[in-house]
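# A closer look at the structure
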Amino acid sequence: RDGHVGEGAKPRQPREPSHACGMEKSNVTPANKEPKLQHEVSNAKRKPPVFATDDILRLKKANRGSFSGDAVELIQSGVKADLVLEDGTVMSGHSFGAAQSVSGEVVFNTGMVGYPEALSDPSYRGQILVLTYPIIGSYGVPPMDEVDENGLPLFFESNNVHITALIVCDYSAEPCHWNLTMTLSSWLKKHNIPAIFGVDTRALTKRIRDRGAMLGKLVFKPDTAESVPQIDPNKTNLVAQVSLKVPKLYKPLSGVAPRMLNGKQVRVVAVDCGMKYNIIRYFISKGVELLVVPWDHDFLKEEYDGLFISNGPGDPTQLPGTIERLRVALQGEKPIMGICLGNQLLALAAGAKTYKMKYGNRGMNQPVIDTRTSRCYITAQNHGFAVDSATLPAGWQPFFINGNDQSNEGIIHSTKPFFSVQFHPEASGGPTDTDFLFDMFMEKLHLGTPPVTTSYCAPKPYVRKVLLLGSGGLSIGQAGEFDYSGSQAIKALKEMGIYSVLINPNIATVQTSKGMADKVYFYPITLKYVQAVIEKERPDSILLQFGGQTALNCGIELEKSGLLEKFNVQVLGTSVEAIISTEDREIFNAKLAEIGESTAPSAAAENVPDAVAAARKIGYPVILRAGFALGGLGSGFANNDKECAELAAKAFANSPQVLVERSLRGWKEIEYEVVRDCKDNCITVCNMENFDPLGIHTGDSIVVAPSQTLSNSEYYKLRSTAIKVARHIGIVGECNI
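These figures come from a predicted structure and were not determined experimentally.

### With respect to unusual backbone geometry
- Residues Ser428 and Gly429 are joined by a peptide bond in cis, for which omega reads 5°.
- If you trace the backbone, Gly429 turns up in the loop between strand S22 (418–421) and helix H10 (436–445).
- Going from Ala705 to Pro706, the amide bond is cis rather than trans, its omega being -5°.
- Position of Pro706 relative to the elements: it lies in the loop between strand S34 (703–704) and helix H19 (712–729).
- The phi dihedral of Ser374 falls on the positive side, at around 70°, and the residue is not glycine.
- Note on placement: Ser374 falls in the loop between strand S17 (353–370) and strand S18 (376–388).
- Residue classification places Ser374 among the partly exposed positions, given a relative accessible area of 44%.
- With a phi angle near 60°, Ser428 is a residue other than glycine that sits in the positive phi range.
- Relative to the elements of secondary structure, Ser428 occurs in the loop between S22 and H10.
- Among the residues examined, Ser428 registers a relative accessible area of 12% and is labelled buried.

### Describing the sheet that holds strand S15 (residues 306–309)
- Across the sheet, which stays open at both edges, the eight strands sit in the order S10-S14-S13-S15-S16-S22-S21-S19 with mixed pairing between neighbours. A single partner strand is all that each edge strand has here, and the edge strands are strand S10 (248–250) and strand S19 (396–398). The mean inter-strand angle of the sheet, taken between neighbouring strand axes irrespective of direction, is 20°.
- With three bridges joining them, strand S21 (residues 410–413) and S22 adopt antiparallel strand pairing. Looking at S22, one finds that Gly410 is bridged to Val421.
- Across the sheet, helix H9 (residues 341–350) touches S15, strand S16 (336–339), S19, S21 and S22, and the angle it forms with S16 is around 130°.

Calculation notes
Each chain has its residues counted from 1, following the order in which its sequence is written. Totals for whole chains, interfaces and linings use all residues, but because this is a predicted model, local features are given only for residues with pLDDT of at least 70 and pairs of side-chain atoms are given and counted only at 80 or more. Side-chain measures here rest on the full set of heavy atoms in the structure, leaving out hydrogens and waters. Only DSSP runs of H or I reaching four residues or more are called helices, and only runs of E reaching two or more are called strands; each is numbered from the N terminus. Think of it in three bands: residues with accessible area under 20% of the maximum for their type are buried, residues over 50% are exposed, and the middle band is partly exposed, with areas taken using a 1.4 Å probe on protein chains only. Between any two strands, pairing holds if DSSP finds at least two bridges. Whenever a helix is involved, its axis is fitted only over the stretch in contact; in every case the axis is a line through C-alpha atoms, and angles between N-to-C directions fall within 0 to 180 degrees. Every residue pair with non-hydrogen atoms within 4.5 Å of one another is taken to be in contact.

Dropping the structure here:
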């Protein structure tokens, strides 16, 4: 919303975007024949995106007589399949992958992005994967042949597709993304993986949650359910299928300084139980040599500074040899780290027990709590087995606990440099909020003092009576969401037994209804009237962030006038200083510069001549943004001095400050809703992708929530930036970036 621009992706050989995405041709691409997507019939006639079911197909035919499109063609082909669960449930769908019958364990993943990463994750070996997010395939599949110096593909977690089959609700047959080379359907067919769409995945997921993970079959005619043998992957050594066969050494990429210990480069031995490539990427980015060995390799004979046990599929008890070698390694002092299956193997080697979970944890939004600090982190997970914390022997303790089901999410030794986690700090897909664990392992390699941690929490402020500045008139910039959020704040205060006083001049709001606030003043939210209420009610606290721009501006005036200090009123939630940092465009840009985040070239102005001078220096076209303004009032684009002067004059009628910055008209605009609490726990409630390009105010624009055309790396890169900014500015509560 503030024109923030994340740092660009690492340059690669430019590839011309497809016309199927509605993009213009790049002028940097050689003028040879444009690469053709496998799903395209012709570039001459653009087919609209299709999210097809039988009902939609009938509707299209009724309205237009005939309709063509990849998803419709898949339906018209008549190739269908039945998903048959072991409890007798049968669900039918349309094929968009290889037409072959298979069987395995049916599990679900709740991630919204990252299907290329998930499908190439070896931990999904033997599983029929249900994706709960309803629209899959919208950004296609990136190239598998683009690799780094070590030969690792840039966009995948292995060189193969490891799932047994894929089940989705809607297949997006016409993807749109700068990096796609083929459709999801083409990719699955290339790897001979069956897939169906048109399935009620919500009902299917609820059934799995109620009954637990079940065995199942995907049956294509002329096969029958009886003729397809049922395979139980949990009774098979799946690790032997996905682990590499001979040891392989990975060196740090060029430009990465080698990490040294006692005059030699640090070497970590990684036991490959189905290791994701992003784990390798993390280690070599730290400057270490990574010797990856097969699951059954005798790593005890290797020279190493640290030992790593990777993720992988299946039941950990299927690997008794690996467990026994780990048991021997635990008698030494060299640091050991494990992830996912590695957590279970380390626990078994220590003497604990594991168990099969009802339906497992698979997704990118699992909360885990650090037992050392009580901090909560959002993590990526993919596992069906877990460690029984009650069986941990003396000297070991739980490291992380799942915030939803209280299952074990990691173990750590009290005195020795051994630890493991059940989740994936390397993510891909998912958030990388816990990638600090790789640094923690590096510190243990160097025998450094571990970071000091504490679970102490400062006492909560004394709160007896709270004044809440309400939403006021409903308009762009302080619309119905502020009435809603203010109402929720009042309800929360009631639950805590805190007396609430509301100022809101709008009688047509929920928060002014009878039974909400303990006392309501129908006054304008201005310094004069708010001061009168403070003098009469004498609240000890005030909430400024539930009334839109008017309440924020009033809060700044209250602080600057000294009224809050005079009457000893504390600001709850986001401080006035933080509010000023977000409203003052110049301060906001300076704050972003402090944490290394990029913004468009800009300059703040306090009068029209200065605004015109700044525009000339930056170069037209420019965008003028009014600070402290309601709903973008006074903002707009200027192409010359005359337009700039006219726009600046309008802006200064509503604001004391205007930021002049380089125009980003036409860029894609993404928003993240961030919530941060007083303990620095951060989550993103959702993100939104503007249907219109940057330059159209959000209040006037169509937005889609969540975003549809961001890949996993893009989604979580922007999420990390949003959280980073919220933390640095000091937001306590909700904000959008």
